[in-house]
Amino acid sequence: MSSDETWMRRALELADHAGEHADVPVGAVIVSAGGEELATGENRREVEQDPTAHAELVALRAAARATGHWRLESATLYVTLEPCPMCAGALVNARIARVVYGTPDPKAGAVDSLFTIGRDARLNHRFEVTSGVLQAECAARLRGFFQKLRDAGEK
């Protein structure tokens, strides 16, 4: 198993936890260039009633606190769902080196699907993108979550 798959499995664990508290099951892990876990995040919008509490932002905030700096220039973010425009913008601002995501988001994806924010030459920073790591597992978490909501008449 590759290190990308190993870290994505960690992100999937966090996604599962988010789903347990009724948040969309998205998990994120930030890893240093040396391969150490710096921080984790999971969607917390429902728990915190905060529209910005996406897994990526939760992880970025924790990584900045852990390292004592907002610049995460050599770090990699692993996230189960393609980042949205808000999160992709924050990743540019954090100077993240690489983003690895599991499944694309055709409705809000901002690193491949709708926009290519992390690779836009007009921005002051760009990051490498790797997509499709454990895609089937990441997509299954989301499908299952939304199916349960539909079955309960909630969405």
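Now for a quick tour of the structure. Since this is a predicted model, take the numbers as computed values, not measurements.

Some remarks on the environment of Pro104
- Position of Pro104 among the secondary structure elements: in the loop between strand S4 (98–103) and strand S5 (128–130).
- With residues near it in sequence (within four places) discarded, Pro104 still touches Leu81, Glu82, Ser113 and Gln135.

Some details on the packing of helix H3 (residues 55–67) against helix H4 (residues 85–93)
- H4 packs onto H3 with a crossing angle of 25 degrees between their chain directions and a minimal axis gap of 9 Å. By the angle between their axes, H3 is roughly parallel relative to H4. As for the relative orientation of H3 and H4, their crossing is left-handed in sense. When H3 is examined against H4, the residues Glu56, Leu57 and Leu60 are found in contact with a partner set consisting of Met86, Cys87, Ala90 and Leu91.
- Residues belonging to the contact of H3 with H4 are distributed by class as follows: six nonpolar, no polar and one charged.

Remarks on the packing of helix H1 (residues 3–20) against helix H5 (residues 135–151)
- Interhelical geometry of H1 versus H5 gives an angle of 5 degrees and a closest axis separation of 11 Å. Classified by the angle their axes make, H1 and H5 are roughly parallel. Mapping the contact onto sequence places Met8, Arg9, Leu12 and Asp16 in H1 and Glu137, Cys138 and Arg141 in H5.
- Considering only residue class, the contact of H1 with H5 consists of three nonpolar, no polar and four charged.

What to know about the packing of aromatic side chains
- All told, the structure shown has two aromatic pairs when counted by the stated rule.
- Note on Phe145 and Phe146: the rings are 5.1 Å apart at their centroids and 85 degrees apart in plane angle, and the pair reads as edge-to-face.
- Take Phe146: its relative accessible area is 27%, and that puts it in the partly exposed class.

Points about the pattern of salt bridges
- Within this structure, the stated rule accounts for eleven salt bridges.
- In this structure, Arg44 and Glu42 form a salt bridge, with 3.8 Å as the shortest nitrogen-oxygen distance.
- Given a relative accessible area of 23%, Arg44 falls into the partly exposed group.
- Beyond isolated ion pairs, a larger network of salt bridges with shared partners links Asp4, Arg98 and Glu128.

Thresholds applied
Residues numbered from 1 in each chain as written. Predicted model: local features only at pLDDT ≥ 70, side-chain atom pairs only at ≥ 80, totals over all residues. Heavy atoms only, no water. Helix = DSSP H or I, 4+ residues; strand = E, 2+ residues; numbered from the N terminus. Contact = heavy atoms within 4.5 Å. Axes fitted to C-alpha atoms, helices over the stretch in contact; angles between N-to-C directions. Parallel < 35°, antiparallel > 145°, perpendicular 65-115°, else oblique. Left-handed = near helix turned anticlockwise from the far one by under 90°. Nonpolar A, V, L, I, M, F, W, Y, C, P; charged D, E, K, R; others polar. Phe/Tyr/Trp six-rings, centres within 6.5 Å; stacked < 30°, edge-to-face > 60°. Buried < 20%, exposed > 50% of the residue type's maximum accessible area, 1.4 Å probe, protein only. Salt bridge = Lys/Arg side-chain N within 4 Å of Asp/Glu carboxyl O.

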